[in-house]
Amino acid sequence: MMQPTMPGWKVECVGDDIAWMRFDDEGRLRAINPENGFFGVAPGTSMDTNPNAMRTINRNTVFTNVAETSDGGVWWEGMEKPEEGVEITTWLGKKYDPTDKNMKAAHPNSRFCAPAAQCPIMDPAWESPEGVPIDAIVFGGRRPKGVPLVYEAFNWTHGVFIGAAMRSEATAAAEHKGKSIMHDPFAMRPFFGYNFGQYLSHWLSMQDRPNAKLPKVFHVNWFRKAEKGGFLWPGFGENSRVLDWICRRVDNEDCAQESPIGHIPAEGSLNLEGLKEAVDMQELFSLPRDFWTQEVKEIEKYFSQQVNDDLPNEIANELQKLGERVEKL
């Protein structure tokens, strides 16, 4: 539901969570949204962070485990403060005391559920049975250290490896507690319906389909933090600058340079014109050798413990090649 900051850009929404994908008769990958609505985490959602979500849930919406206001509304952490005189009752039925740092007005995983048709930026083809064409697959995780803002897979096999090796800081929606870094392959670890190794083989087999026009694969990380603290990238609507680079790469524009983990933006190729705050691009795209050496070890351990003999050889080879490239950093 991004609201892009770059002039001339428009974002339309097909869905917020699930895509069912298939190849059409011309070999192009297409996706449909099998859901009728949005089921989102409430805390942190506001007119500043996600205005289109807030416009979507202003009517015909079910809220679970959020706080209630005395004027009949709902509230959660991150939302604009209610008008003066309006009292808040927490999700546990207690009077909310904002001075009590241990008190949560809403449960961290409280939710809203609203019809997708209410979203002001829904794509006109969002219910088309043909689906929408997929030109890029973008993986992403919350990585406070080491992982750059965006990088592109060298090829399809490498892209599948990137998805398989994904790790992310735990959120309220995950079963993990605290801020630990968890393995979250394809950003859907809790939802795999069958053997993970066979799942990887299925993804790898897509490149063997006759006339398959495979999308490019990317990884993004909006959440890298500076050594002194604070996010290195402003995020939200400014993420359209990263999507701009991704779209140019889809069009085969020469605006990337090779790195040990994939193609990253060439110097000056990320459009920063009009950005309101300075960004340390060198730190944002740095690849610390110690970090990536440990990352390779963690991925190897995860594959060994969780996939073992079912791990496709192609994925094992990609891990080995990543380790060799990292050694040269």
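Residues numbered from 1 in each chain as written. Predicted model: local features only at pLDDT ≥ 70, side-chain atom pairs only at ≥ 80, totals over all residues. Heavy atoms only, no water.

Details of the environment of A266
No. 1: With respect to the secondary-structure elements, A266 resides in the loop between β16 (262-265) and α5 (281-284).
No. 2: Taking the relative accessible area as the measure of exposure, A266 reaches 21% and is therefore partly exposed.
No. 3: Sequence-wise, A266 and Y302 are 36 residues apart; in three dimensions their C-alpha atoms are separated by 32 Å.
No. 4: Each residue touching A266, except ones within four places of it in the same chain, is listed here: C255, A256 and Q257. (Helix = DSSP H or I, 4+ residues; strand = E, 2+ residues; numbered from the N terminus. Buried < 20%, exposed > 50% of the residue type's maximum accessible area, 1.4 Å probe, protein only. Contact = heavy atoms within 4.5 Å.)

Details of the side chain of H183
No. 1: Here H183 lies in strand β13 (residues 181-183).
No. 2: Apart from the residues lying within four places of it in its own chain, the contact partners of H183 are M166, R167, R189, E298, I299 and Y302.

A short note on helix α4 (residues 240-250)
No. 1: Across the eleven residues that make up α4, a large majority, eight, are buried.
No. 2: When we look at burial in α4, the residues that qualify are S240, R241, V242, D244, W245, I246, R248 and R249.
No. 3: Against β10 (136-140), β11 (150-152), β14 (216-220), β15 (256-259) and β16 lie the buried residues of α4.
No. 4: N252 sits one or two residues past α4 and shows a positive phi near 65°.

Focus: the state of the cysteines
No. 1: Tallying each qualifying case throughout the model produces zero disulfides.
No. 2: Its sulfur unpaired, C113 is 14 Å from the next cysteine sulfur, which belongs to C119.
No. 3: On the basis of relative accessibility, which here comes to 37%, the residue C113 falls in the partly exposed class.
No. 4: Free cysteine C247: the closest other cysteine sulfur is in C255, separated by 11 Å. (Disulfide = S-S within 2.5 Å.)

Here's the deal with the sheet that holds strand β3 (residues 37-41)
No. 1: If you walk across this open sheet you meet the three strands as β3-β8-β4, and the pairing is antiparallel. This sheet does not close on itself; its edge strands, each paired only once, are β3 and β4 (62-64). Direction aside, neighbouring strands of the sheet carry axes that sit 15° apart on average.
No. 2: Both β4 and strand β8 (residues 111-115) contribute to a ladder of three bridges, which runs antiparallel. When the bridges of β8 are listed, V62 appears paired with C113. (Pairing = 2+ DSSP bridges. Axes fitted to C-alpha atoms, helices over the stretch in contact; angles between N-to-C directions.)

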